[in-house]
Structures are given as structure tokens and as C-alpha cells.
Amino acid sequence: MPDPMMYQQDTFVVLEPDQPEQFLTTAELFAKLQEVLNQHQEDLPRELQRFTSIQAQAQYLMDTSCEFDVGPGKYLQWYAVRLEK
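Bear in mind the structure is a predicted one, so any value in this text is a computation, not a measurement. (Residues numbered from 1 in each chain as written. Predicted model: local features only at pLDDT ≥ 70, side-chain atom pairs only at ≥ 80, totals over all residues. Heavy atoms only, no water.)

**Quick look at the pattern of salt bridges**
Line of reasoning, step 1. Tallied over the entire structure, the rule returns one salt bridge.
Line of reasoning, step 2. Measuring nitrogen to oxygen at the nearest pair gives 3.2 Å for the salt bridge that ties Lys 32 to Glu 16. With Lys 32 in helix α1 (residues 26–39) and Glu 16 in the loop between β1 (11–15) and β2 (22–25), the pair connects residues that are 16 residues apart, well separated along the chain. (Salt bridge = Lys/Arg side-chain N within 4 Å of Asp/Glu carboxyl O. Helix = DSSP H or I, 4+ residues; strand = E, 2+ residues; numbered from the N terminus.)

In C-alpha cells form, the structure reads like this:
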């Protein structure tokens with residue numbers, strides 16, 4: 001049986017163009033996604049438009065995606081990482 005620790009998502013590495021990689025906690029990533037979504041409400045992908053709050057949009061992205069396109073040549077990518085065994 002797999003160790004449940006293998007599926008914990010406590011830390012994420014976040015990648016953005018022309019920025020060094022960042023390690024964020026789940027709460028920090030959630031806040032960052034809300035900030036980015038707040039700036040892009042006018043051109044959201046269709047799957048995010050069905051949510052009525054930015055918090056719900058951010059949670060949906062965290063649960064189902066690892067990338068958000070924020071414009072030509074710009075993106076936000078995040079991947080769960082395990083920093084210790």
C-alpha cells in the first residue's frame with residue numbers, strides 16, 4: 001500500500017517567465033492564483049467562467065491544472081514537490 005505522504009501537496013514550485021523559481025506553500029499558491037485571476041477576469045478560459053468567485057476559480061486551478069496562461073509569452077506553472085523524505 002502506498003504511503004499517504006506520497007500524495008500530500010504541501011509545497012509547490014512556481015515558474016514564471018524571467019523569474020527565478022519560487023517554492024510556495026499551498027496557502028501561498030492559493031493567494032498567488034487569486035491575485036493573478038483577479039487581474040485576468042475579463043479574459044478567463046471557459047472552464048473558469050462558470051465559477052462565481054475568484055476563490056472558487058483558484059481552487060479549481062489548484063485541483064485540476066498546473067498551468068495558467070496569462071497572455072502571449074506569459075504563463076504561471078506550478079508543480080507539487082516533496083522537499084524531504
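**A word on helix α3 (residues 54–64)**
Line of reasoning, step 1. Of the positions making up α3, those classed as buried are Ile 54, Gln 57, Ala 58, Leu 61 and Met 62. The buried residues of α3 occupy an angular sector of 135 degrees when projected down its axis, which confines them to one face.
Line of reasoning, step 2. Contacts from the buried residues of α3 go to β1, α1, α2 (46–49), β3 (67–71) and β4 (74–81). (Buried < 20%, exposed > 50% of the residue type's maximum accessible area, 1.4 Å probe, protein only. Arc of directions from axis to C-beta. Contact = heavy atoms within 4.5 Å.)

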